[in-house]
Amino acid sequence: MDEQLTGGYSEPCGQCAAVSWGVSDEGQFFCKSCHNVIEKTREVEDVNTLHSQHSRISQIIRPKKKKQENEREWLVCEGFQFILKHQAKALVSLGVCMKFETEVLWNFWKRYLQNTQQAFTTNPMYTPSFTVLVKPQSDSESNAQSEQSYRTEVASEMSEEMSVSGYSSEAQSTVCSGSLDAVVYQNTKGTKMHNLMTMPRTLALCYLALLWVREAITLADLLRMVSERRVPYMNIHEVFPAEMRLFGKDVQFFNVRYLPSYSLVHKEAVTLARILELPSFPTVSQDCLLHPFPLTVRYLLEANLPNDLHVWVHKVMRQAAMGDSSFLTFDPSKEKACLVRYDIQAVAVIIVTLKLLFKLDDHVEWKLSEEAAKKKKKKVFKLQKWFEVVQPVLEQARKREEREEARRRWETTKPLITSLKRKSLILKKRRITEHLEQTFQKFTDSAPEQSSSSTNPHASFHFSWGKEEGSDGPSMYNNRLDCTLKKDGIKYLSNRKYWHPELRLCPRKMCGDHFSEIEPSFPRMYVWVLDLFSFILGVRQAEVHKEVLNIEHRFLKKNHQPKIQWTLTSCKKKKKKSKTATHVHEENITDRV
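The structure displayed is predicted, hence computed values, not measured ones.

**A short note on the overall build of the protein chain**
- Within the protein chain, the regular secondary structure consists of 25 helices and 5 strands.
- When each of the 593 residues of the protein chain is scored for burial, the buried share is 44%.
- As presented, the protein chain carries roughly 33,500 Å² of accessible surface, and 50% of it is formed by carbon and sulfur atoms.

Written as structure tokens, this is what we have:
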């Protein structure tokens, strides 16, 4: 009888090593020799319940974990909320108004959680449900039995997979707590997957809030603050509270391996604005520092260009109809919502103006500089001298930035445990890394240098021009422009022609930029100007060149934007038409001043 009850259990007793087991009335196993009681209990199966047609699971209990001190259950969206809170506080400490944090960003975040049904709703979308309600089965409920069975299977799968985040065993709970909905967050598919929050989207949401309060912080400025570690983004999980530890699937949501690009954050900002269903943003008028008029002044100072150039910049903007508030204001409610890249657009207008006045074809600009030098006028802007002053400063700034980037610490101080199988390997690698760092520090007999960007106060400018001590070079801001000539009492531009690259015939949604292909054919002076402004903004040259083409379309074709772009191949097929069109553009540009 005992053999039937014990089910053939043949493990020796821990006290007397005998194999003679019995089962008590309570169902516990005990040794008949020494009466030692073990934790094993008899498994009882109710055959009637298992084979009953009307039996259904009444409740699925989530596996309990052994909580440590100061631990609590948390969701993935809580982690992103913690990150947004720290990013907002960092921006406020840098001079952003309090309205940005307390009103705008917080309301945007609540609106996002509600629209994506993660919070502020009666039925949260991404919170796993572990309870299945039971009602007496009737004929009217027979159709819902299959749906009930499916929900039961899904809930049981979730409860099993939650063990990855440390919920099924005591051994895992000693590593970290993990989030409740990491599995659901990862397995979301379809349209809902595109609505999930990511680390780049935290910056995109901050940028939308900055744009709403009309702060004088462009997207390039925000990304620069992130790269200098003034706005928390890299390894921000290290400041998570003790009760919000990362483990398993949580790591892929909050562990950042690289800084996001300008185009990625800009794209995510447009996507978030549609998810939030925001109305039209506040108007970007001339009193807003994001307007091209004041923004171009900033970049003229940064690039050490003369103030007289701003008059010509204004003419280009008026000709291209870029000062209109309807063009500059972001309205997500439109079918084709367009978020203007204010900083890239401002430098692109300056580049178009330089091409208009000096051509930048490796010949005309040097010829005009030589003619200006022969006149022997004081404080006349010469493009050749400007290049000789700015070029070495640009190279030094680029090397300085590379050194500071090399000093920055990318790896986290707290190891991230992705799984229990890799826990020992990760901890071992961490110990070896710390030991090697300490050994090299002893050899060099010096402490690791800290990046100057994180210790020095934040500056909006890369360069400092003037005669003061510590400046990068002489300032040309007060130099006069001599780019016109008089003929028959009428002023004309010294440069009578304007060049632009071949326009390509590419579907907008199927083809990207071709800058890498056509860059070798560009004049070197034009490429260097692109390099200067792309370094100032921290973006790729291709993005600045693309915006230059957009402004040339608006400027040369007087607000006519074609649906397709012309390629070199198509231009050869229509050689006569293309030559005529180019000649008309040149005549328009070389018209009287």
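**What about the pattern of salt bridges?**
- Across all of its chains, the model carries 13 salt bridges by this definition.
- For Lys 89, the salt bridge identified is with Glu 101, shortest N-O distance 3.5 Å. Of the two residues, Lys 89 is situated in helix α3 (residues 76-93) and Glu 101 in helix α4 (residues 98-115); the sequence distance between them amounts to 12 residues.
- Among the residues examined, Lys 89 registers a relative accessible area of 44% and is labelled partly exposed.
- Using a relative accessible area of 17% as the deciding quantity, one classes Glu 101 as buried.
- Residues participating in the shared-partner salt-bridge network are Arg 224, Glu 228 and Arg 230.

**Focus on the environment of Asn 195**
- Residue placement: Asn 195 occurs in the loop between α8 (191-194) and α9 (199-212).
- The spacing of Asn 195 and Leu 113 is 82 residues in sequence and 9.9 Å in space, taken between C-alpha atoms.

**Notes on the nonpolar core**
- Formed by 134 residues in total, the largest nonpolar core has its most connected members in Phe 100, Phe 254, Leu 305 and Trp 386.
- When residues in this core are grouped by element, the largest group, 13 residues, is from helix α16 (residues 342-358).
- Setting aside chain neighbours within four positions, we find Phe 254 in contact with Trp 74, Val 76, Gly 79, Phe 80, Ile 83, Met 199, His 237, Phe 240 and Leu 246.
- Val 23, Phe 29, Cys 31 and Ile 38 belong to the second-largest nonpolar core, a separate cluster that totals 6 residues.

**Details of unusual backbone geometry**
- In the Ramachandran plot, Asn 235 falls in the positive-phi region, its phi being about 55 degrees despite a non-glycine side chain.
- Relative to the elements of secondary structure, Asn 235 occurs in the loop between α10 (219-227) and α11 (251-254).
- Look at Asn 235 and you get buried, because its relative accessible area is 12%.
- For Glu 277, which is not a glycine, the phi torsion comes out positive at approximately 55 degrees.

**Quick look at α3**
- Its 18 residues place the ends of α3 26 Å apart at the C-alpha level, agreeing with the 26 Å of an ideal helix rising 1.5 Å per residue.
- Along α3, the residues that are buried comprise Val 76, Cys 77, Gly 79, Phe 80, Phe 82, Ile 83, Leu 84, Gln 87, Ala 88, Ala 90, Leu 91 and Val 92.
- Just past α3, the residue Gly 95 takes up positive phi, approximately 120 degrees.

**A short note on the pairing of strand β4 (residues 484-487)**
- Across 4 bridges, the pairing between β4 and strand β5 (residues 490-493) is antiparallel. Opposite Leu 485, over in β5, you have Tyr 492 as the bridge partner.
- Once β4 ends, the chain turns through 2 residues before running back antiparallel as β5, passing Asp 488 with a positive phi of about 60 degrees.

**With respect to the packing of α3 against α9**
- Look at α3 against α9: their axes get within 10 Å of each other, and the N-to-C directions meet at 45 degrees. When the axis of α3 is compared with that of α9, the two are oblique. For the pair α3 and α9, the sense of crossing is right-handed. Contact with α3, carried on its side by Phe 80, Ile 83, Leu 84, Gln 87 and Leu 91, involves Met 199, Thr 202, Leu 203, Leu 205, Cys 206 and Leu 210 of α9 and no other residues of that element.
- The residue makeup of the contact of α3 with α9, split by class, is 9 nonpolar, 2 polar and no charged.

**Looking at the confidence of the model for the protein chain**
- For the protein chain, mean pLDDT is 76; residues scoring 70 or higher make up 68% of the total.
- For the protein chain, helix α25 (residues 575-589) is the element with the lowest average pLDDT, namely 37, and α9 is the one with the highest, namely 96.
- Low pLDDT, under 50, characterises residues 127-177; the predicted model gives this stretch 95 contacts beyond four residues in sequence or across chains.
- In the predicted structure, residues 559-593 sits below a pLDDT of 50 and forms 57 contacts with residues beyond four places in sequence or in another chain.

**Digging into the packing of aromatic side chains**
- Inspection of the entire model under this criterion finds 18 aromatic pairs.
- Ring plane angle 85 degrees and centroid distance 5.8 Å describe the contact between Phe 108 and Trp 212, whose orientation is recorded as edge-to-face. Of this pair, Phe 108 sits in helix α4 while Trp 212 is found in helix α9, placing the two residues 104 residues apart along the sequence.
- On the basis of relative accessible area, Phe 108 is assigned to the buried category, the value being 6%.

**Considering the side chain of Thr 296**
- Looking at where Thr 296 falls in the secondary structure, it is placed in helix α13 (residues 292-302).
- Excluding anything up to four places from it in sequence, Thr 296 contacts His 310, Val 313, Met 317, Ala 346 and Ile 350.

**Brief notes about the environment of Asp 513**
- Mapped onto the elements of the fold, Asp 513 is located in the loop between β5 and α21 (515-518).
- Overall, Asp 513 belongs to the partly exposed group, its relative accessible area being 43%.
- Setting aside residues no more than four positions away along its own chain, Asp 513 makes contact with Arg 540 and Ala 542.

**Examining helix α23 (residues 541-556)**
- Helix length check: α23 (16 residues) gives 22 Å between terminal C-alpha atoms against 22 Å at 1.5 Å per residue, within 8%.
- Burial in α23 covers these residues: Ala 542, Glu 543, Val 544, His 545, Glu 547, Val 548, Ile 551, Glu 552, His 553, Phe 555 and Leu 556.

**Observations regarding a nonpolar patch on the surface**
- A cluster of nonpolar side chains, namely Ile 432, Leu 436, Phe 440 and Phe 443, defines an oily patch on the protein surface of about 460 Å² accessible area.
- With respect to the helices and strands, the residue Phe 440 is situated in helix α19 (residues 423-444).
- Owing to a relative accessible area of 52%, Phe 440 belongs among the exposed residues under this scheme.

Here is what the cut-offs are and how they apply
- Residues numbered from 1 in each chain as written.
- Predicted model: local features only at pLDDT ≥ 70, side-chain atom pairs only at ≥ 80, totals over all residues.
- Heavy atoms only, no water.
- Helix = DSSP H or I, 4+ residues; strand = E, 2+ residues; numbered from the N terminus.
- Buried < 20%, exposed > 50% of the residue type's maximum accessible area, 1.4 Å probe, protein only.
- Areas by Shrake-Rupley, 256 points an atom, 1.4 Å probe, with all protein chains shown as cover.
- Salt bridge = Lys/Arg side-chain N within 4 Å of Asp/Glu carboxyl O.
- Core = buried A, V, L, I, M, F, W, Y, C linked by side-chain atoms within 4.5 Å.
- Contact = heavy atoms within 4.5 Å.
- Expected span 1.5 Å × (residues − 1).
- Pairing = 2+ DSSP bridges.
- Axes fitted to C-alpha atoms, helices over the stretch in contact; angles between N-to-C directions.
- Parallel < 35°, antiparallel > 145°, perpendicular 65-115°, else oblique.
- Left-handed = near helix turned anticlockwise from the far one by under 90°.
- Nonpolar A, V, L, I, M, F, W, Y, C, P; charged D, E, K, R; others polar.
- pLDDT = per-residue confidence, 0-100.
- Phe/Tyr/Trp six-rings, centres within 6.5 Å; stacked < 30°, edge-to-face > 60°.
- Patch = residues over 30% accessible without salt bridge, like charges linked within 9 Å, V, L, I, M, F, W, Y side chains within 5 Å.

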